[in-house]
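Each chain, letter by letter, is given below.
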Amino acid sequence: MFSKLSIIIAGIGAVLLSFSYIYSTNFEILMTSGLGLLFISLFLSFGAVFKREQGKFKFFPVIVFFFCSFIITWYDPFQIVRLLTWIEN
């Protein structure tokens, strides 16, 4: 149950992150919601691991979260700083 839900939420979060670069006028909102959904899917994936659910797809949201974080910090690291200052204000 947790693994299926976390995969769906991770997919939606990854799509919102990609849309944040396509639609740069709404960058902050899309980036915040995308990272938030990826973070939620990360916790759901850990819940699936601790409940010992069957299958290997429960590790997919963890991989997506760290891969998207790596791509963002490698491609454009100042966007994270921009996002954090937007959240702070």
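Refer to the preceding data block for the structure.
What comes next is a walk through the structure.

How each quantity is defined
- Position labels on residues start from 1 in each chain and follow its written sequence.
- For this predicted model, a pLDDT threshold of at least 70 governs which residues receive local features, and a threshold of 80 or more governs which side-chain atom pairs are given and counted, while totals over whole chains, interfaces and linings are taken from all residues.
- The side-chain values count all of the structure's non-hydrogen atoms but skip hydrogen atoms and water molecules.
- Only buried residues count toward a nonpolar core, which is a set of Ala, Val, Leu, Ile, Met, Phe, Trp, Tyr and Cys residues joined through side-chain atoms within 4.5 Å.
- Type-normalised accessible area, obtained with a 1.4 Å probe on protein chains alone, sets the label of each residue: buried when under 20%, exposed when over 50%, and partly exposed for intermediate values.
- Secondary structure elements are defined from DSSP: runs of H or I of at least 4 residues count as helices, runs of E of at least 2 residues count as strands, and each element is numbered from the N terminus.
- By definition, residues are in contact when any of their heavy atoms lie within 4.5 Å.
- Any residue with relative accessible area above 30% and no salt bridge may belong to a patch, with like charges joined within 9 Å and the nonpolar Val, Leu, Ile, Met, Phe, Trp and Tyr side chains within 5 Å.
- Areas reported here follow the Shrake-Rupley algorithm with a probe of radius 1.4 Å; residue values treat only the protein chains shown as occluding.
- Any Lys or Arg side-chain nitrogen located within 4 Å of an Asp or Glu carboxyl oxygen qualifies as a salt bridge.
- Lines fitted to C-alpha atoms define the axes here, with helix axes fitted over just the stretch in contact, and angles between the N-to-C directions of these axes take values from 0 to 180 degrees.
- Note on angle classes: values under 35 degrees are labelled roughly parallel, values over 145 roughly antiparallel, values of 65 to 115 roughly perpendicular, and the remainder oblique.
- Whether a crossing is left-handed or right-handed is set by the direction in which the near helix is turned from the far one by less than a right angle, anticlockwise for left-handed and clockwise for right-handed.
- Lys, Arg, Asp and Glu make up the charged group, whereas Ala, Val, Leu, Ile, Met, Phe, Trp, Tyr, Cys and Pro make up the nonpolar group; the residues left over, Gly among them, are polar.

## Some thoughts on the nonpolar core
What tends to happen in soluble globular proteins is that the nonpolar side chains get buried as a cluster.
Here comes step 1: In this structure, Leu17, Met31, Leu35, Leu38 and Cys68 are the most contacted members of the largest nonpolar core, which totals 13 residues.
Here comes step 2: The set of elements that each furnish at least two residues to this core consists of helix H1 (2–22), helix H2 (27–50) and helix H3 (60–75).
Here comes step 3: Beyond its immediate chain neighbours, meaning those up to four positions away, Cys68 contacts Leu17 and Leu38.

## Thoughts on a nonpolar patch on the surface
Here comes step 1: Together, Tyr21, Phe59, Ile63, Phe67, Phe70, Ile71, Trp74 and Tyr75 give the surface a local cluster of nonpolar side chains, amounting to about 950 Å² of exposed area.
Here comes step 2: If one sorts the elements of the nonpolar patch by residue count, H3 sits on top with 6 residues.
Here comes step 3: Tracing the chain through its elements places Phe59 in the loop between H2 and H3.
Here comes step 4: Of the residues examined, Phe59 reaches a relative accessible area of 40% and is grouped as partly exposed.

## Structural notes on the packing of H1 against H2
Here comes step 1: Packing of H1 against H2 leaves a shortest axis separation of 7 Å and a crossing angle of 160°. With respect to H2, the axis of H1 lies roughly antiparallel. For H1 against H2, the interelement crossing comes out left-handed.
Here comes step 2: Class assignment for the residues of the contact of H1 with H2 results in 19 nonpolar, 9 polar and no charged.

## A short note on the packing of H2 against H3
Here comes step 1: Packing of H2 against H3 brings their axes to within 8 Å, and their N-to-C directions diverge by 145°. The element H2 and its partner H3 pack so that their crossing is left-handed. Contact residues: H2 offers Met31, Leu38, Phe39, Ser41, Leu42, Ser45 and Phe46, while H3 offers Pro61, Val62, Val64, Phe65, Cys68 and Ile72.
Here comes step 2: Considering only residue class, the contact of H2 with H3 consists of 11 nonpolar, 2 polar and no charged.

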